[in-house]
Amino acid sequence: MYRIIENFSRKNFYGVLFFLFIIPLSAVSQESQIQELLDRAEIEDLISSYSYALDTLDADSYAAVFTEDAILDMGEGQVFHGKEEIKSLIFGILGAAERNNTTAPVTHHVISNSTLEFVNNHRAINYSYFMTVLEGVDDGNLQIFSMGEYEDILVKTEAGWLFQSKKLLRNDNASAQ
């Protein structure tokens, strides 16, 4: 009887290892792959929320996509630190329109060709292109106002994924003609 158990144990040793270690590792791998897909979808929503809040000039929604200590580098020396300063960007656009006795410009921020790299399960880097299309106030024609690249650092917080840093790298030749 002992020999039967001994032979059985030797023959199935690798099978037991397979069930004890390989299958759970596979499940963990699938679970992490599913989580990465969910994280990617959440980050895509965040990027869309950023654009929509900027286009609608909604200061609260715009600031909501950033962490409390976020840095927004718009280039050309325009750097905003923290949510309150980031909100001031929107207030500045609205204030300029009011001072000039005009309406705020109607814009469409188009973001494309995103390349998302996860540093770990709570930090990611995103590179993408952007183009800001401006609706002509007088003639209604669309024109490219600016274009370039975004370099984003995103972090996963209790509230979900947020921008910790967003840097615009503008293409100086992007002005509409």
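Check the entry above for the structure.
Each value, and the rule that gives it
- Residues numbered from 1 in each chain as written.
- Predicted model: local features only at pLDDT ≥ 70, side-chain atom pairs only at ≥ 80, totals over all residues.
- Heavy atoms only, no water.
- Helix = DSSP H or I, 4+ residues; strand = E, 2+ residues; numbered from the N terminus.
- Buried < 20%, exposed > 50% of the residue type's maximum accessible area, 1.4 Å probe, protein only.
- Core = buried A, V, L, I, M, F, W, Y, C linked by side-chain atoms within 4.5 Å.
- Contact = heavy atoms within 4.5 Å.
- Salt bridge = Lys/Arg side-chain N within 4 Å of Asp/Glu carboxyl O.
- Pairing = 2+ DSSP bridges.
- Axes fitted to C-alpha atoms, helices over the stretch in contact; angles between N-to-C directions.

**Q** Is there a simple way to think about unusual backbone geometry in this case?
**A** Its identity is not glycine, yet Glu-76 carries a phi of approximately 55°, on the positive side. Here Glu-76 lies in the loop between strand S1 (66-75) and strand S2 (78-81). Look at Glu-76 and you get exposed, because its relative accessible area is 67%. With phi around 50°, Asn-113 is a residue other than glycine that occupies positive phi space. With respect to the secondary-structure elements, Asn-113 resides in strand S3 (residues 107-120).

**Q** Help me understand the nonpolar core, please; the structure alone is not making it clear to me.
**A** The nonpolar side chains of a soluble globular protein tend to be buried, and buried together. Membership of the largest hydrophobic core comes to 27 residues, with the highest contact counts inside it found for Tyr-50, Tyr-62, Phe-66, Leu-72, Leu-154 and Phe-163. Looking at this core, the elements that each hand over two or more residues are helix H2 (13-56), helix H3 (59-64), S1, helix H4 (82-99), strand S4 (123-135), strand S5 (142-157) and strand S6 (160-170). A total of six residues in this core trace back to one element, the largest contributor, which is H2. Not counting residues up to four positions away in its chain, the partners in contact with Leu-72 are Tyr-62, Phe-66, Gln-78, Val-79, Phe-80, Ile-86, Leu-89, Lys-166 and Leu-168.

**Q** It is not clear to me how the environment of Ser-48 should be interpreted in this structure. Could you clarify?
**A** Note that Ser-48 resides in helix H2. Sequence separation between Ser-48 and Ile-111 is 63 residues, and the spatial gap between their C-alpha atoms is 8.3 Å.

**Q** What's the story with the pattern of salt bridges in this structure? I'm lost.
**A** Counting across every chain of the model gives five salt bridges. For the salt bridge of Lys-156 with Asp-39, the shortest nitrogen-to-oxygen distance reads 3.0 Å. Highlighted residues: Lys-156 in strand S5 and Asp-39 in helix H2, separated in sequence by 117 residues. Judged by its relative accessible area of 32%, Lys-156 falls in the partly exposed class. Looking at Asp-39, the relative accessible area reads 5%, which means it is buried.

**Q** Explanation requested: the sheet that holds S4 in the structure shown.
**A** Hydrogen bonds along the backbone pair up the strands of a sheet, which may run parallel or antiparallel. On the basis of which strands lie adjacent, the open sheet formed by six strands has the order S2-S1-S6-S5-S4-S3 and mixed pairing. Each end of this open sheet is capped by a strand with a single partner; those strands are S2 and S3. On average, each strand axis in the sheet is tilted by 15° relative to the strand beside it, whichever way the strands run. Note: S5 against S6, 10 bridges, orientation antiparallel. Paired with Ile-153 across the bridge in S6 is Ser-165.

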